[in-house]
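Structural overview
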Amino acid sequence: MISVSAAIDQLIASAKTTDAIESLPVTQSHGRVLAEDITATIDVPPADNSAMDGYAFCYADALKNDFILPLSQRIPAGVAPQALTPSTIARIFTGAEIPSGADTVAMQENCTEQGGTVTIGGSVTAAANIRLKGQDIQSGQTILSAGTKLRAQEMGLLSSIGIKTLKVFKPLKIAIFSTGDELVEPGKDLQPGQIYNSNRATLTGLIESLGMSLVDLGTVPDSLEATEAVLQKAAVEGDIILSAGGVSVGDEDYVKSAVAKLGSID
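Residues numbered from 1 in each chain as written. Predicted model: local features only at pLDDT ≥ 70, side-chain atom pairs only at ≥ 80, totals over all residues. Heavy atoms only, no water.

**Overview of the overall build of the protein chain**
Along the protein chain, the regular secondary structure elements total 6 helices and 17 strands. A compact globule built from 266 residues would reach a C-alpha radius of gyration of about 18 Å, whereas the protein chain, at 32 Å, exceeds it by more than 25%. Relative to its 266 residues, the protein chain shows a buried fraction of 32%. For the protein chain, restricting intrachain contacts to residue pairs at least 6 apart in sequence, the fraction spanning at least 24 positions comes to 70%. Summing over all exposed atoms, the protein chain offers an accessible surface of approximately 15,500 Å²; the carbon and sulfur share of this is 54%. (Helix = DSSP H or I, 4+ residues; strand = E, 2+ residues; numbered from the N terminus. Rg over C-alpha atoms; globule rule 2.2 N^0.38 Å. Buried < 20%, exposed > 50% of the residue type's maximum accessible area, 1.4 Å probe, protein only. Contact = heavy atoms within 4.5 Å. Areas by Shrake-Rupley, 256 points an atom, 1.4 Å probe, with all protein chains shown as cover.)

Structure representation (C-alpha cells):
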C-alpha cells in the first residue's frame, strides 16, 4: 500500500503529454489551455485618453489665464482630435483621445461653460484624469504564457490587444465507464439489491470542469468478456480511461484481471 500523494506522484511521473494543437476563436476558448506565448503588438490604451467626461487643456495655459479658456473643439470617443489651439480648451468625453497640446482633463462637474468660454473650478491638478498610452499593456510585452488555462478574464485580455484566433492544446478525451450489475441510472425505479449510479455524474462534472472531452461508455455488466470489450473500446476512443468499480478481489470484480490480460497494472 502507498499513500494517495505517492500514487498521484507516480501517475504524474508516468503521464505522457500531448502536443496536439488547434486554432480557435478567442470567443470559443473558455477552459482551453494556451499552446503559445502571447505577445502584445499594440499598447493598451493605444493613446492617452480621457478618464472622465469633461474638458481637456494645457495646465500651464490655464494657469496663465486664471483657468478661464475659450472652447475650441469637441472630442467624442472614436474620433481623432485636432491639435489643441494654444490657450484654448476642448470638450472631451470618456475614452476619447487627448489632443496634442493638452495634458490635463477637468471633470465636467467642476467646469462651467457659457458663451463659448469655460471656467475651470475645483482643485484640478496637472495631468489629472488622463489614462496614459500603454498604461495597461505595452507593445512587445508577453501577457500570457503557453500552458495558461483560459478563463473569461484572459479572453477579454486577448481581445483587448486585437487577437481573434489563437492556438490551444486539443482537450484530452477521457473515456469513463462504471461496472456493476447493481447499478441503475437515475430516473429509473430501484429494484431490490440495486443502487443509483452517482459516479457517472461525478466524473462527468469533474472532467468537464477541467475542459476535457468526455467519452461516456456507460455501465458495464459484471463479466470478464464485457469488461475486456469496454476496455478495448475505451483504448481506441480515449486518451485516458477512468473506470468506477470492479477493482477489488471478489469473484465479480473483473477490471483488474481484464487490465492484466490486455495491458499492465502498476
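Read on, since the account is not over.
**Here we look at the side chain of Ser 29**
Examined against the element boundaries, Ser 29 turns out to sit in the loop between strand 1 (21-25) and strand 2 (38-39). The class of Ser 29 is buried, set by a relative accessible area of 0%. In this structure the side chain of Ser 29 is engaged in a polar contact, spanning 2.7 Å, whose partner is the backbone oxygen of Val 26. Excluding its chain neighbours within four sequence positions, the residues that come into contact with Ser 29 are Leu 150, Met 155 and Leu 166. (Polar contact = N/O pair within 3.5 Å; in protein donor to acceptor, adjacent residues only side chain to side chain.)

**Overview of the pattern of salt bridges**
Enumeration according to the criterion identifies 8 salt bridges in this entry. With a closest N to O distance of 3.1 Å, Arg 200 and Glu 185 form a salt bridge. With Arg 200 in helix 4 (residues 199-209) and Glu 185 in the loop between strand 14 (183-184) and strand 15 (195-196), the pair connects residues that are 15 residues apart, well separated along the chain. Judged by relative accessible area, Arg 200 falls into the partly exposed class, the value being 26%. Assessed through its relative accessible area of 21%, Glu 185 is described here as partly exposed. Measuring nitrogen to oxygen at the nearest pair gives 2.7 Å for the salt bridge that ties Arg 200 to Asp 216. Residue Arg 200 is located in helix 4, and its partner Asp 216 is located in strand 16 (residues 213-220); the two are separated by 16 residues in the primary sequence. It is possible to trace a salt-bridge network through shared partners that takes in Glu 185, Arg 200 and Asp 216. (Salt bridge = Lys/Arg side-chain N within 4 Å of Asp/Glu carboxyl O.)

**Notes on helix 4**
One turn of the α-helix equals 3.6 residues, which is why residues spaced by three or four share an orientation. Taken as a whole, helix 4 has its buried residues at Leu 203, Thr 204 and Ile 207. Angular distribution of buried residues about the axis of helix 4 spans 105°; they occupy a single face of the element. The secondary structure elements touched by the buried residues of helix 4 are strand 13 (173-179), strand 16 and strand 17 (240-244). Backbone geometry just after helix 4 places Gly 211 at a positive phi near 80°. (Arc of directions from axis to C-beta.)

**Looking at the pairing of strand 8 (residues 111-114)**
With 4 bridges joining them, strand 8 and strand 9 (residues 117-120) adopt antiparallel strand pairing. Counted as the bridge partner of Cys 111 is Ile 120 from strand 9. In this antiparallel pair of consecutive strands, strand 8 and strand 9, the connection spans 2 residues, and Gly 115 shows a positive phi of 60°. (Pairing = 2+ DSSP bridges.)

**Remarks on the nonpolar core**
Among the nonpolar cores identified, the biggest contains 15 residues, and Ile 38, Ile 143, Leu 144, Leu 150, Leu 158, Ile 161 and Leu 166 are the most heavily contacted of them. At the level of elements, strand 11 (142-144), helix 3 (152-160) and strand 12 (165-169) are the ones that each hand at least two residues to this core. Other than its neighbours up to four places away in sequence, Leu 166 contacts Glu 22, Ser 23, Leu 24, Pro 25, Val 26, Ser 29, Leu 34, Glu 36, Leu 150 and Leu 158. Core analysis: the second largest hydrophobic core is formed by 12 residues, Phe 57, Phe 67, Ile 89 and Ala 106 among them. (Core = buried A, V, L, I, M, F, W, Y, C linked by side-chain atoms within 4.5 Å.)

**A short note on the sheet that holds strand 17**
Ordered in space as 16-13-17, the 3 strands form an open sheet in which the pairing is parallel. Each edge of the sheet is formed by a strand with only one pairing partner; in this case those strands are strand 16 and strand 17. Here the average twist between neighbouring strands, direction ignored, is 20°. Bridging between strand 13 and strand 17 involves 5 bridges; their strand directions are parallel. The residue bridging Ser 178 from the neighbouring strand is Ala 244, located in strand 17. Where helix 5 (residues 224-237) meets the sheet, its contacts fall on strand 13, strand 16 and strand 17, and the angle it forms with strand 16 comes to roughly 170°. (Axes fitted to C-alpha atoms, helices over the stretch in contact; angles between N-to-C directions.)

**Some words on the sheet that holds strand 6 (residues 89-92)**
With mixed pairing, 6 strands are arranged side by side in an open sheet as 7-4-6-5-9-8. Each edge of the sheet is formed by a strand with only one pairing partner; in this case those strands are strand 7 (104-107) and strand 8. For this sheet, the mean angle separating the axes of adjacent strands, direction not counted, is 40°.

**Focus on a nonpolar patch on the surface**
Residues Val 4, Ile 8 and Ile 12 make up a contiguous nonpolar surface patch of about 310 Å² in total accessible area. As for its position among the elements, Ile 12 is in helix 1 (residues 4-14). (Patch = residues over 30% accessible without salt bridge, like charges linked within 9 Å, V, L, I, M, F, W, Y side chains within 5 Å.)

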